[in-house]
Amino acid sequence: MANAHCESCKFFDEHKGNGAAALGDAGLCRFNPPVSQPEPESKGLWPVVSPSDWCGHFTAEMTAAE
């Protein structure tokens, strides 16, 4: 699968979220749950990914083109 990148996944959110300045074209992975933070008062953050990243969850059924 040559196009098995985060930008092709329907769970890739191109918002520059998490309340901080995003690096370049970074997005958020909405497949995985927010990651907890070390401080009890801190909110969890969605994993930040690059459009060219990939993971083992990607399948052809999870493409953004559905």
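Residues numbered from 1 in each chain as written. Predicted model: local features only at pLDDT ≥ 70, side-chain atom pairs only at ≥ 80, totals over all residues. Heavy atoms only, no water.

Engineer: Help me understand the overall build of the protein chain in this model?
Structural biologist: Each helix and strand in the protein chain was counted, giving zero helices and three strands. In the protein chain, the succession of α and β elements from N to C terminus is β-β-β. Of all 66 residues assigned to the protein chain, the portion counted as buried reaches 21%. Of the contacts formed within the protein chain by residues at least 6 apart in sequence, a portion of 46% connects residues at least 24 apart. For the protein chain, the accessible surface area stands at approximately 4800 Å², while carbon and sulfur atoms represent 57% of it. (Helix = DSSP H or I, 4+ residues; strand = E, 2+ residues; numbered from the N terminus. Buried < 20%, exposed > 50% of the residue type's maximum accessible area, 1.4 Å probe, protein only. Contact = heavy atoms within 4.5 Å. Areas by Shrake-Rupley, 256 points an atom, 1.4 Å probe, with all protein chains shown as cover.)

Engineer: Which parts of the structure should I look at to understand the environment of P34?
Structural biologist: By the secondary structure assignment, P34 is in the loop between strand 2 (27–29) and strand 3 (48–49). Not counting chain neighbours up to four residues away, the residues in contact with P34 comprise G44, L45 and W46.

Engineer: Would you explain the confidence of the model for the protein chain in this entry?
Structural biologist: Note that predicted coordinates carrying low pLDDT should not be read in detail. Model confidence for the protein chain is summarised by a mean pLDDT of 77, while 73% of its residues fall at 70 or above. Highest mean pLDDT in the protein chain belongs to strand 2 (89); lowest belongs to strand 3 (87). (pLDDT = per-residue confidence, 0-100.)

Engineer: I tried to follow the environment of A4 on my own but got confused; where do I start?
Structural biologist: Along the chain, A4 turns up in the segment before strand 1 (12–13). Linking A4 and W54, residues 50 residues apart in sequence, is a C-alpha distance of 6.3 Å. Filtering out sequence-adjacent residues up to four positions away, A4 remains in contact with D53, W54 and F58.

Engineer: How do you make sense of the side chain of D13 when you look at a structure like this?
Structural biologist: Inspection of the secondary structure puts D13 in strand 1. Of note is the side chain of D13, whose polar atom sits 2.8 Å from the side chain of R30. (Polar contact = N/O pair within 3.5 Å; in protein donor to acceptor, adjacent residues only side chain to side chain.)

Engineer: Before we go on, may I ask you to explain the sheet that holds strand 1 in this structure?
Structural biologist: Sheet strands associate in pairs through backbone hydrogen bonding, adopting either a parallel or an antiparallel arrangement. Spatially, the three strands line up as an open sheet ordered 1-2-3, and their pairing is antiparallel. Looking at the sheet topology across the chains shown, the edges are occupied by strand 1 and strand 3. Pairing of strand 1 with strand 2, which is carried by two bridges, proceeds in the antiparallel orientation. Looking at the pairing, F12 lines up with C29 of strand 2. (Pairing = 2+ DSSP bridges.)

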